[in-house]
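Chain by chain, the residues run as shown.
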Amino acid sequence: MPKSIAYHCSLMALIELAETVFAVNQVVICLDRDVPEVDRKAFLKSLRWVGFELISLDMWANNFDVTSDKWLYLGMEV
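Residues numbered from 1 in each chain as written. Predicted model: local features only at pLDDT ≥ 70, side-chain atom pairs only at ≥ 80, totals over all residues. Heavy atoms only, no water.

Colleague: Give a detailed account of the nonpolar core, specifying residues and quantitative values.
Modeller: In summary, soluble globular proteins display a tendency toward joint burial of nonpolar side chains. By size, the foremost hydrophobic cluster in this structure holds 14 residues, and its most contacted members are Ile29, Leu31, Leu44, Leu47, Phe52 and Leu74. Secondary structure elements with two or more residues in this core: helix 1 (3-20), strand 1 (26-32), helix 2 (37-49) and strand 3 (71-77). Apart from the residues lying within four places of it in its own chain, the contact partners of leucine 44 are Leu31, Leu72 and Leu74. (Core = buried A, V, L, I, M, F, W, Y, C linked by side-chain atoms within 4.5 Å. Buried < 20%, exposed > 50% of the residue type's maximum accessible area, 1.4 Å probe, protein only. Helix = DSSP H or I, 4+ residues; strand = E, 2+ residues; numbered from the N terminus. Contact = heavy atoms within 4.5 Å.)

Colleague: Kindly report on a nonpolar patch on the surface, identifying the contributing residues and their values.
Modeller: On the surface, Leu17, Val21, Phe22 and Val24 cluster together into a nonpolar patch covering about 380 Å² of accessible area. For valine 24, the position within the fold is in the loop between helix 1 and strand 1. Taking the relative accessible area as the measure of exposure, valine 24 reaches 37% and is therefore partly exposed. (Patch = residues over 30% accessible without salt bridge, like charges linked within 9 Å, V, L, I, M, F, W, Y side chains within 5 Å. Areas by Shrake-Rupley, 256 points an atom, 1.4 Å probe, with all protein chains shown as cover. Salt bridge = Lys/Arg side-chain N within 4 Å of Asp/Glu carboxyl O.)

Colleague: How would you sum up helix 2? Please name residues and give values.
Modeller: Under the 1.5 Å per step criterion, the end-to-end length of helix 2 is 18 Å for 13 residues, consistent within 8% with the ideal 18 Å. Those residues of helix 2 not exposed but buried are Phe43, Leu44, Ser46 and Leu47. Along the axis of helix 2, the buried positions cluster into a sector of 160°, meaning they face one direction only. In helix 2, the exposed positions angled more than 90 degrees off the buried face are occupied by Val38, Lys41, Lys45, Arg48 and Trp49. Looking one or two residues past helix 2, glycine 51 carries a phi angle of roughly 115°, positive in sign. (Expected span 1.5 Å × (residues − 1). Arc of directions from axis to C-beta.)

Colleague: Explain the side chain of aspartate 32 to me, and be specific about the residues and the numbers.
Modeller: Among the structural elements, aspartate 32 can be located in strand 1. Engagement of the side chain of aspartate 32 in a polar contact is seen with the side chain of lysine 70, the distance being 3.1 Å. Ignoring sequence-local partners within four residues, the contact set of aspartate 32 consists of Lys70 and Trp71. (Polar contact = N/O pair within 3.5 Å; in protein donor to acceptor, adjacent residues only side chain to side chain.)

Colleague: Could you give an account of the pattern of salt bridges, with specific residues and numbers?
Modeller: What the rule picks out here adds up to 3 salt bridges. Of the charged contacts in the structure, one is a salt bridge between lysine 70 and aspartate 32, with a shortest N-O distance of 3.1 Å. Remark: aspartate 32 occurs in strand 1 and lysine 70 occurs in the loop between strand 2 (53-54) and strand 3; sequence separation between them is 38 residues. A salt bridge links aspartate 34 to lysine 70, with the shortest nitrogen-to-oxygen separation between them at 3.5 Å. In this pair, aspartate 34 sits in the loop between strand 1 and helix 2 while lysine 70 sits in the loop between strand 2 and strand 3, placing the two residues 36 residues apart along the sequence. Residue lysine 70 is classed as partly exposed on the basis of its relative accessible area of 36%. Residues joined by salt bridges that share partners form a network here, namely Asp32, Asp34 and Lys70.

Below, the structure is given as structure tokens:
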């Protein structure tokens, strides 16, 4: 199975678990900025394919700046 198809299947399973088992309305993924660019771009493409977008954590941080040099945060409403 090609890597991109495996990403899509795994992400869809995660989203289904979030919605049906954990009953949450949003999923947030943290992606290490140190991941090599070629891998990061491919993974970000897969995340966007299923509906993730770059987000900030401001809504949980009470307007405290939580921009990270280490992590990219991606979120999706389920």
